[in-house]
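Each chain is listed here by its residues.
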2 protein chains.
Amino acid sequence: MNYYKEALAQAKKSLSEGGIPIGAVLVQEGEIIGKGHNQRVQQDNPILHGEMDCMQNAGRQQSYAGATMYTTLSPCMMCTGTILQFKIKKVVIGENVNFEGNIPFLQSQGVEVELLNDEETINMMATFIKENPTLWNEDIAE
Amino acid sequence: MNYYKEALAQAKKSLSEGGIPIGAVLVQEGEIIGKGHNQRVQQDNPILHGEMDCMQNAGRQQSYAGATMYTTLSPCMMCTGTILQFKIKKVVIGENVNFEGNIPFLQSQGVEVELLNDEETINMMATFIKENPTLWNEDIAE
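Residues numbered from 1 in each chain as written. Chains lettered and ligands numbered in written order. Predicted model: local features only at pLDDT ≥ 70, side-chain atom pairs only at ≥ 80, totals over all residues. Heavy atoms only, no water.

**A closer look at the overall build of chain A**
When you go through chain A residue by residue, the secondary structure sums to 6 helices and 5 strands. Shown N-terminal to C-terminal, the secondary structure of chain A runs as helices and strands in the order α-β-β-α-β-α-β-α-β-α-α. Its C-alpha atoms give chain A a radius of gyration of 14 Å, near enough to 14 Å, the size a compact globule of 142 residues would have. Its C-alpha atoms give chain A principal-axis dimensions of about 40 × 30 × 30 Å. Residues counted as buried form 58% of the 142 residues belonging to chain A. (Helix = DSSP H or I, 4+ residues; strand = E, 2+ residues; numbered from the N terminus. Rg over C-alpha atoms; globule rule 2.2 N^0.38 Å. Buried < 20%, exposed > 50% of the residue type's maximum accessible area, 1.4 Å probe, protein only.)

Listed below in structure tokens is the structure:
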């Protein structure tokens, strides 16, 4: 299964709902245990970035150690801290062109990072930011 | 107003609900704009630590810059990342005896930290951890 496509599908789902197009899935032992997308618009919720909604939907687990997070955008500090707190082993990132995120910090803390810089994801995010600058700045606290 | 007492009241509320006794309030320009407590048990939710529930309840704001977070326990990496992401200026921490948290990292990123090591908070948390070791370890992902 192409797990990254599932994360991208979550981003597109959010876009179709009028929301910010960032999605994530969490995979443990080859199984998707959580999916989610940004919920700022849909649930009027400032903490539910794609990765956070994904973790919330994965629910309470004995351990997330060894899991891989697939996310369409390089993680902000909230999501980076969350990845570290839950001991997620690897993060596959769709792109860091539209938002730099915290890849070196994740790596410095022992998290394996794979950066795709997927063209479809880059274009989708660039278009969204261009069309919704105020909402985007709110989401990244700028 | 003693804002810390409000955070402690949130922790006690959580305890009275059968939950983990960690609470937080967010104060901006002298006004409490959010309150919350750990919701792992009550909402079966792994991401709603006290600080996260507090941020969620504060809701969407133009900016949280300049705000002060009062929390009963030294913040884990998820909550630390969230404090940094939302540019919270200062964190008043009830105690770091039962959980070390990430005070030096917060300080290294420019966040002002005030550590109270409040005896009532320390005792409440110590008793909870002693009586609920499995739940506590789940909450801190140990």
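**Observations regarding the interface of chain A and chain B**
In many reports, interface size means the accessible area that the parts give up when they come together. Taken together, the contact between chain A and chain B spans 31 residues of the former and 31 residues of the latter. Interface area, chain A with chain B, both sides summed: about 2700 Å², of which 58% is carbon and sulfur. Looking only at chain A, the three residues that lose the most surface to chain B are Ile47, Arg60 and Gln85 of chain A, adding up to 27% of its buried area. Viewed at the interface, chain B and chain A are joined by 6 salt bridges. A salt bridge links glutamate 138 of chain B to arginine 60 of chain A; its shortest N-O distance comes to 2.6 Å. Seen at the junction of chain A and chain B, the total is 18 residue pairs in polar contact (both at pLDDT 80 or more). Those elements giving two or more residues to the side of chain A that touches chain B turn out to be α2 (50-58), α3 (77-85) and α6 (133-139) of chain A. (Contact = heavy atoms within 4.5 Å. Buried area = accessible area lost by both parts, 1.4 Å probe. Salt bridge = Lys/Arg side-chain N within 4 Å of Asp/Glu carboxyl O. Polar contact = N/O pair within 3.5 Å; in protein donor to acceptor, adjacent residues only side chain to side chain.)

**Considering the packing of helix α1 (residues 3-16) of chain A against helix α5 (residues 119-131) of chain A**
Residue and element names in this part refer to chain A. In contact at an axis separation of 11 Å, α1 and α5 are set at 20° when each is read in the N-to-C sense. Considered as vectors, α1 and α5 are oriented roughly parallel to each other. As for how α1 packs across α5, the hand of that crossing is left-handed. Taken together, the residues of α5 that come into contact with α1 (itself represented by Tyr4, Leu8, Ala11, Lys12 and Leu15) are Glu120, Thr121, Met124 and Phe128. Its residues assigned to classes, the contact of α1 with α5 comprises 6 nonpolar, 1 polar and 2 charged. (Axes fitted to C-alpha atoms, helices over the stretch in contact; angles between N-to-C directions. Parallel < 35°, antiparallel > 145°, perpendicular 65-115°, else oblique. Left-handed = near helix turned anticlockwise from the far one by under 90°. Nonpolar A, V, L, I, M, F, W, Y, C, P; charged D, E, K, R; others polar.)

**Some words on the sheet that holds strand β4 (residues 90-95) of chain B**
All names here are of chain B. Spatial strand order, β2-β1-β3-β4-β5: 5 strands in an open sheet with mixed pairing. The strands lining the two open edges of the sheet, one partner per strand, are β2 (31-37) and β5 (112-115). When strand polarity is set aside, the average angle formed by the axes of neighbouring strands in this sheet is 15°. When strand β3 (residues 68-73) meets β4, the two strands line up parallel, connected through 5 bridges. Following the sheet pairing, methionine 69 is matched in β4 by valine 91. (Pairing = 2+ DSSP bridges.)

Read these as geometric descriptors, not functional statements.
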